[in-house]
Amino acid sequence: MQSDGTLLVPDEVTVPFITGDGVGAEITPSMQTVVNAAVRKVYEGKRSIEWKEVLAGERAFNKVGSWLPDETMKAFQEYLIGIKGPLTTPVGGGIRSLNVALRQTLDLYVCQRPVRWFKGIHSPVLHPEKVDMCVFRENTEDIYAGIEWEAGTPEAEKFYRFLHEEMGVKKVRFPETSSFGVKPVSKEGTERLVRAACQYALDHHLPSVTLVHKGNIMKFTEGGFKKWGYELAQREFPEALADRRLVIKDCIADAFLQNTLLIPEEYSVIATLNLNGDYVSDQLAAMVGGIGIAPGANINYKTGHAIFEATHGTAPNIAGKDVVNPCSIILSAAMMLEYLGWKEAASLIEKTLEQSFLESRATADLARFMPGGISLSTSAFTQEIVTRIEK
């Protein structure tokens, strides 16, 4: 990361990767094969990626006895850019969530989820081509802070006693059986997220940034997000606002979910808090064909650190059967290439996938809905895409 906020990228980039658990063992090698083919085709050997495997999840626990070894975190810190398959989170103990741990430790405050429709993909909505948005979901505060106390514990009792006796809270209807959670939302956390969303909109010549919130009910957290977001935009992007290169607007979260179905063309870049962003990004993914083709990234635009990832789970019921759809992590890798400035290779991957979809050739989860769909195994689909790239 240079002082002007841009990445200085060598022609040979070392990318740490986590294979992942469950279907990770299939989709991650698929992604690497496709990415290597695209980089080789576009840059004719002048650029390349050296893949450096690091461990996390069940795979790490079985090998070294740790769910998230220190060496893994050090690799991501050193090399800035990384990519990961889905991870198993331990049940009943250990790390609360491996994904959350990675995001919190590296302060990856933006969860970025671009959502667009690919021609040839079956969608449950009438006009999926109108869906073209990029969600900026705050990644370190809100429910991701993980501040909770379970009902019946001394901690929950102590917390309620503080609320009741010190803060005068009278609205907890059943205090003895209530669990409690705290939702921190800061001005600084809001500002850096909205700043990133506004800059992304300007860099990609997108018409608007919409602040999605529930500020009508949570007036100081979600309402603060809306207030601070507007103030940041007016303070740091006045010229872009004045000449209408940038438009800032807001929408209540429940109304926004309705509007995404009714008038999706009204929205381009979405900035929102963590829980809202979880709902929004998954609904939008369903509208264009499902989470199997939904890419994602976790980014700190100040330090340059970024981890790109498959947005789905480990799917243990189909692991090892050579049927899983690798498109989520492949498209996340395309995001990674664009982040590196290797936009030509990223574009080639996206175009090639769409060509295959247009000919109704895809893995079973997508092909079964396509007219005359041809269902390909994971390995056959990977080879299909590589062959098309090489042509």
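Preceding this paragraph is the structure being described.
Conventions adopted
Residues numbered from 1 in each chain as written. Predicted model: local features only at pLDDT ≥ 70, side-chain atom pairs only at ≥ 80, totals over all residues. Heavy atoms only, no water. Helix = DSSP H or I, 4+ residues; strand = E, 2+ residues; numbered from the N terminus. Rg over C-alpha atoms; globule rule 2.2 N^0.38 Å. Buried < 20%, exposed > 50% of the residue type's maximum accessible area, 1.4 Å probe, protein only. Contact = heavy atoms within 4.5 Å. Areas by Shrake-Rupley, 256 points an atom, 1.4 Å probe, with all protein chains shown as cover. Lys, Arg positive; Asp, Glu negative; His and termini not counted. Charge placed at Lys NZ, Arg CZ, Asp CG, Glu CD. Core = buried A, V, L, I, M, F, W, Y, C linked by side-chain atoms within 4.5 Å. Axes fitted to C-alpha atoms, helices over the stretch in contact; angles between N-to-C directions. Parallel < 35°, antiparallel > 145°, perpendicular 65-115°, else oblique. Left-handed = near helix turned anticlockwise from the far one by under 90°. Nonpolar A, V, L, I, M, F, W, Y, C, P; charged D, E, K, R; others polar. Phe/Tyr/Trp six-rings, centres within 6.5 Å; stacked < 30°, edge-to-face > 60°. Lys NZ or Arg CZ within 6 Å of the ring centre and 35° of its normal. Salt bridge = Lys/Arg side-chain N within 4 Å of Asp/Glu carboxyl O.

Student: Would you mind going over the overall build of the protein in detail, with residue names and values included?
Tutor: Within the protein, the regular secondary structure consists of 14 helices and 14 strands. Scaling as 2.2 N^0.38, a compact globule of 391 residues should have a C-alpha radius of gyration of about 21 Å, and the protein matches this with 22 Å. Taken along its principal axes, the extent of the C-alpha atoms in the protein is 70 × 55 × 50 Å. The proportion of buried residues among the 391 residues of the protein is 51%. Residue pairs in contact within the protein that sit at least 24 positions apart in sequence constitute 74% of those at least 6 positions apart. As displayed, the protein offers around 18,300 Å² of accessible surface, 52% of which is attributable to carbon and sulfur atoms. Across the protein, the centroid of the 41 positively charged side chains sits 3 Å from that of the 49 negatively charged ones.

Student: Tell me about helix α4 (residues 98-105), residues and numbers included.
Tutor: The set of residues buried in α4 consists of Leu-98, Val-100, Ala-101, Leu-102 and Arg-103. Each element contacted by the buried residues of α4 is listed here: β1 (12-18), α3 (70-79), β3 (81-84), β11 (295-299) and β12 (306-310). Directly after α4, the chain includes Asp-107, whose backbone phi takes a positive value near 55°.

Student: Quick rundown of the nonpolar core? Include the residues and the values.
Tutor: Ranked by size, the top nonpolar core spans 78 residues in total, and within it Ile-83 and Phe-357 carry the most contacts. In terms of residue count, helix α11 (residues 327-340) provides more of this core than any other element does, 11 residues in total. If you look at the next biggest cluster of nonpolar residues, it comprises 15 residues, including Ile-18, Met-73, Leu-98 and Ile-307.

Student: How would you explain the packing of α3 against α4 if you had to name every residue and give the values?
Tutor: Running from N to C, α3 and α4 point in directions that differ by 45°, and their axes come no closer than 11 Å. Viewed along their axes, α3 and α4 adopt a mutual orientation that is oblique. Between α3 and α4 the crossing geometry is right-handed. When α3 is examined against α4, the residues Met-73, Phe-76 and Gln-77 are found in contact with a partner set consisting of Ala-101, Leu-102 and Thr-105. Counted by class, the contact of α3 with α4 contains 4 nonpolar, 2 polar and no charged residues.

Student: Break down the environment of Asp-132 for me, citing the residues and quoting the values.
Tutor: Tracing the backbone through its elements, the reader meets Asp-132 in strand β5 (residues 132-138). For Asp-132 and Ile-252, which are 120 residues apart along the polypeptide, the C-alpha to C-alpha distance reads 20 Å. The residues touching Asp-132, leaving out its near neighbours within four places in the chain, are Val-115, Arg-116, Tyr-267 and Ser-268.

Student: Can you lay out the packing of aromatic side chains for me, pointing to particular residues and giving the numbers?
Tutor: Considering all chains together, one arrives at 12 aromatic pairs under this definition. The aromatic ring of Phe-118 is capped on one face by Arg-116, whose charged end is 3.9 Å from the ring centroid.

Student: Could you give an account of the pattern of salt bridges, with specific residues and numbers?
Tutor: Inspection of every chain in the model, using the stated rule, returns 22 salt bridges. With its nearest N and O atoms 2.7 Å apart, the salt bridge here joins Arg-192 to Asp-107. Here Arg-192 is found in helix α6 (residues 187-203), whereas its partner Asp-107 is found in the loop between α4 and β4 (110-116), with 85 residues between them in sequence. Asp-107 gets classed as partly exposed once you look at its relative accessible area, which sits at 26%. In this structure, Arg-245 and Asp-243 form a salt bridge, with 3.0 Å as the shortest nitrogen-oxygen distance. Through salt bridges with shared partners, one network takes in Glu-359, Arg-361, Glu-384 and Arg-388.

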